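# Commentary on secondary and tertiary structure
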Amino acid sequence: EINRSICELTAQRAASVSTAIFTQYRIEYNRNGLFSLRMELYDLYGDGNELLKTLFFTFDVSNGQLCSVGDLLDPTDTRWRGIMPDIVMAQAEAQGITLLSDVMPIGDDQAFYITQDELVLAYELFEIATWSAGAPEFAIPITQLADFIPPDSPLKKVERTSKRPARKKARQPQRDPPRKRPRR
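Note that the coordinates shown come from a computational prediction; the quantities given were computed from them, not determined experimentally.

What follows is about a nonpolar patch on the surface. A cluster of nonpolar side chains, contributed by L125, F126 and W131, occupies part of the molecular surface with about 380 Å² of accessible area. As for its position among the elements, L125 is in the loop between β6 (118-122) and β7 (137-141).

As structure tokens, then:
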């Protein structure tokens, strides 16, 4: 069901592109009941295989439904809609990105994806910033959104795993340094 949805959504959103395209994708997250995907659409016949558009899809694996930001966060406590723009503006300032507006609304249709411990808001070229910023993305740690994640949200499982301390890497056995061979 998710595969069919991805194909249908890609076709719908690519309809605005008036040239032949090829796609590349990257799975950003596929655990804890969430599947998050980035799909890039490129000009098939252009000189430099120009990136035309980037699409983001996050699905609730339990029911195959496409998620919006609003689906993952508390619909009754919408303070997150004010906190997330503040985080975006602070990150933009720290990165030296010139924003085109002081107010960064976060709608339910906001492009985003999930990583191991972040919800990443993604914007198109010129959507919120000047050309020099490209298509900016702003990573918000899921722990900063914990107060707004309802218990039945698939994002709750991601939040729980992002709070766990990182596992220590297994110690590698020490090996003797290679010996130099005598010259003959």
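Here we come to the sheet that holds strand β4 (residues 65-66). Hydrogen bonds along the backbone pair up the strands of a sheet, which may run parallel or antiparallel. Taken together, the four strands give an open sheet; going across it, the order is β1-β2-β3-β4, and neighbouring strands pair in antiparallel fashion. Since the sheet does not close on itself, it has two edges, and those belong to β1 (21-31) and β4, each with one partner.

With 13 residues, helix α1 (residues 2-14) ought to run about 18 Å at 1.5 Å a step, and its terminal C-alpha atoms sit 18 Å apart, in line with that. If you check which residues of α1 are buried, you get I2, S5, I6, L9, T10 and A14. Projection of α1 onto a plane perpendicular to its axis shows the buried side chains occupying an angular sector of 145°, all on one side. Those residues of α1 that are exposed and aimed more than 90 degrees away from the buried face are R4, C7 and Q12.

This paragraph deals with the pattern of salt bridges. Taken as a whole and assessed by the stated rule, the structure comprises five salt bridges. Note that R38 and E137 form a salt bridge whose closest N and O atoms lie 3.0 Å from each other. Remark: E137 occurs in strand β7 and R38 occurs in strand β2 (residues 34-43); sequence separation between them is 99 residues. Judged by its relative accessible area of 8%, R38 falls in the buried class. Note that R81 is salt-bridged to D108, the shortest N-O span being 2.6 Å. Separated by 27 residues along the polypeptide, R81 in helix α3 (residues 80-95) and D108 in the loop between α3 and β5 (112-114) bring together distant segments of the chain. Within this structure, R26, E28, R38 and E137 form a network of salt bridges that share partners.

Rules used throughout
Residues numbered from 1 in each chain as written. Predicted model: local features only at pLDDT ≥ 70, side-chain atom pairs only at ≥ 80, totals over all residues. Heavy atoms only, no water. Patch = residues over 30% accessible without salt bridge, like charges linked within 9 Å, V, L, I, M, F, W, Y side chains within 5 Å. Areas by Shrake-Rupley, 256 points an atom, 1.4 Å probe, with all protein chains shown as cover. Salt bridge = Lys/Arg side-chain N within 4 Å of Asp/Glu carboxyl O. Helix = DSSP H or I, 4+ residues; strand = E, 2+ residues; numbered from the N terminus. Pairing = 2+ DSSP bridges. Expected span 1.5 Å × (residues − 1). Buried < 20%, exposed > 50% of the residue type's maximum accessible area, 1.4 Å probe, protein only. Arc of directions from axis to C-beta.

The quantities given are spatial measurements derived from coordinates; they are silent on function.
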